[in-house]
Amino acid sequence: VEIMPRGVVEELQRHLKHACDSDVVDTALLKEARTLLDRLQHLRTRARSATEHMELQLLHATVSEIETPPALPIKELNPVKALLQQVQDREGKDIVDGLEKARDEGDFRQLDALLSRAKKALSAGVQLDQVR
């Protein structure tokens, strides 16, 4: 995965502004740079929004998006990935604990609901190998 170093978004923005102010004639290059800058700014916004909501599916989709090159700088990517891991771990523990409790109590409705929740969690990268 190619990840841009920290500060590259701001540097790209400064250079793009300077190029526009200097009447650069290579409009295709300016357009490409602007597209890259727009993408990186969009990724930052998505990452910020996902960390504010702390919802498993949203975090998982966002991490997948912001890891795809051109990706955010590693120092911006790592906190989002760490938060996703925390949310995945918590969801996995909650599901496993709930499944064990429902099994012990013979609560088949709760088991069914937790199994549906587990399927959704698996699609978001949650590990459920602790189920006994």
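Basis of the calculations
Residues numbered from 1 in each chain as written. Predicted model: local features only at pLDDT ≥ 70, side-chain atom pairs only at ≥ 80, totals over all residues. Heavy atoms only, no water. Helix = DSSP H or I, 4+ residues; strand = E, 2+ residues; numbered from the N terminus. Contact = heavy atoms within 4.5 Å. Axes fitted to C-alpha atoms, helices over the stretch in contact; angles between N-to-C directions. Parallel < 35°, antiparallel > 145°, perpendicular 65-115°, else oblique. Left-handed = near helix turned anticlockwise from the far one by under 90°. Nonpolar A, V, L, I, M, F, W, Y, C, P; charged D, E, K, R; others polar.

Draft legend 1. Structural context of the side chain of Glu91. Here Glu91 is to be found in helix α4 (residues 74–105). Those residues in contact with Glu91 that sit more than four places away from it in its chain are Leu56, Arg117, Ala121 and Val126.

Draft legend 2. Focus on the packing of helix α2 (residues 27–53) against helix α3 (residues 56–67). Running from N to C, α2 and α3 cross one another at 160 degrees; their axes reach a closest spacing of 9 Å. Between α2 and α3, the angle falls in the class roughly antiparallel. The chirality of how α2 crosses α3 is left-handed. Taken together, the residues of α3 that come into contact with α2 (itself represented by Arg39, His42, Leu43, Arg46, Ala47, Ser49, Ala50, Thr51 and His53) are Leu58, Leu59, Ala61, Thr62, Glu65 and Ile66. When its residues are assigned to classes, the contact of α2 with α3 shows seven nonpolar, five polar and three charged.

That is the geometry; function is a separate question.
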